[in-house]
Each structure stands twice: as structure tokens, then as C-alpha cells.
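# Survey of secondary and tertiary structure
Each chain, written out:
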Amino acid sequence: MKYTSFYFLFFFGIVSAISVAQNDKAYVEELVSEFTKSLESRAIDDYFYRYKYCNGTIEMFTLEEGKMCVSKGTYYEVYVFWKERNQPMIKKIDNCGLYFSLPLWNSKILEFVELMRQPLGKRVVKKYEVENPENVPVQSSKVHPCFRSFQFKNENNSFGQTYNLYDLTNESKYENLNFEYNNDLEIIALEKVIESTLSEMESKFRRQF
């Protein structure tokens, strides 16, 4: 009994010494909302943001002074893009808080959005669709938990779309009839430009403490 009590107190002491935060989707949405409102308060009403997440994926980070932060439920990674004083900018937000805003070295992403705003708002990713020669329901061979979610805003209107990465594949027993259509969409081209940019600057992001 003594040993049980000792180990319990020892474990409790460790947990108490290390502050652990668990933040969920609602927390991330609140941070994104607060930040975009701050943009609008500075008369910046032309921006967009992208959520990247896989349902059930959990991430853990060590923050300032050794404090820990764990994503609750699902880890959400959000990037906000806007232009301020003619300088393209990006900000990262996740379950554990805000990162410092960074300048983008070119306007490629924002120029693409401006040029393709109309098709971005009208042409959306279609669901995985198959021809079924057996005339029976066909189950997907895999369940893809990963999604992308975009929201665009300017002074005239706002729109967005969310899609499952599975809809961009040919991974069912039968061919995806929307494979070529989906992968030729402007939203997918934008995603590729974003990922290319992030791969080059990911190491530059620093958390705000």
C-alpha cells in the first residue's frame, strides 16, 4: 500500500510540475477568428486561410519553460494569408497557439487567388464516384481521415470549401470517375503552391509566447 501511494504521489508530482494544455478545434477556431478580426480592424479585408488536419491525429509540443501542449481530439494546422502595406504575409496557428507572422518573399499565392477567385468559388472537389459493374454498393478500400478546408474573404464576398484527400485518389476497387476533374481544379493547384512555399519556410516559424 505504501508503494502504491508513493508511486501515485510521484506521478502526481510530475504532472503538477509540468503544465499540460489540451486544446481542441473550438480553441483553434477562436484564435483564427480573433486574428482575422484584428486584420479587419486594420482595414485588411482581403485574406484567406487554410486548415490542414487528419481526424484523430494528436500532436504534442514543448512550449516555453518546458510546458507541454497536446492537441485534444485532432491536431489542426492553419495558415492565414494576406497583404499588408503591399507586403504578402503569412501566419501559422494551431492547437497550441499563434506563431509570429512572417513576410512571404513573393506574391505568387495571393496573385493566384486573385486571378482565380471566380473558379475557386464555383468549382469544388467532387466526391469519389465509381462505376459499379456488379450493380451493388461498392465500399472504399481505405478510409482517409485527412482533409483540407479553405475560407476566402474580401470586401465583396466570402466563400470556402472543404474536401477529403481521398476524393483526389484512385484507391478504391474501382476507378474514381472524378479523379481527373478533381486534380485539375484551381483549389488543388493552390494547395500545391502553398505546400511548396511551406516546405521552404516551415523552419522559420516561431511561436508567440
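About the criteria used
Residues numbered from 1 in each chain as written. Predicted model: local features only at pLDDT ≥ 70, side-chain atom pairs only at ≥ 80, totals over all residues. Heavy atoms only, no water. Helix = DSSP H or I, 4+ residues; strand = E, 2+ residues; numbered from the N terminus. Buried < 20%, exposed > 50% of the residue type's maximum accessible area, 1.4 Å probe, protein only. Contact = heavy atoms within 4.5 Å. Areas by Shrake-Rupley, 256 points an atom, 1.4 Å probe, with all protein chains shown as cover. Polar contact = N/O pair within 3.5 Å; in protein donor to acceptor, adjacent residues only side chain to side chain. Expected span 1.5 Å × (residues − 1). Arc of directions from axis to C-beta.

Here we take up the overall build of the protein. Per the secondary structure count, the protein includes six helices and 10 strands. Here the protein holds 209 residues, and the buried ones make up 40% of them. Here the contacts in the protein between residues at least 6 apart in sequence split such that 66% fall between residues at least 24 apart. Of the roughly 12700 Å² of accessible surface on the protein, a fraction of 53% belongs to carbon and sulfur atoms.

Turning our attention to the environment of Asn106. Along the polypeptide, Asn106 turns up in the loop between β8 (102–103) and α3 (108–115). It is 8.5 Å that separates the C-alpha atoms of Asn106 and Gln87, two residues lying 19 residues apart in sequence. Within the structure, Asn106 has its side chain in polar contact with the backbone nitrogen of Lys108 (distance 3.0 Å).

Helical periodicity: at 3.6 residues per turn, an α-helix aligns residues three or four positions apart in one direction. Taking 1.5 Å per residue, 17 residues should reach 24 Å; helix α2 (residues 25–41) reaches 24 Å between its end C-alpha atoms and fits that length. Listed in full, the buried residues belonging to α2 are Val28, Leu31, Val32, Phe35, Thr36 and Leu39. End-on, the buried residues of α2 take up no more than an arc of 125 degrees, which puts them together on one face. Of the exposed residues in α2, the ones pointing more than 90 degrees away from its buried face are Lys37 and Ser41. Against the buried residues of α2 lie β2 (47–54), β5 (76–84), β6 (87–94) and β7 (97–98).

Counting through the fold element by element, Asn182 comes out in helix α5 (residues 179–183). Excluding residues that lie within four positions of it along the chain, Asn182 makes contacts with Val124, Val125, Lys126, Asp167, Leu168, Asn176 and Ile188.

In short, geometric facts, not functional conclusions.
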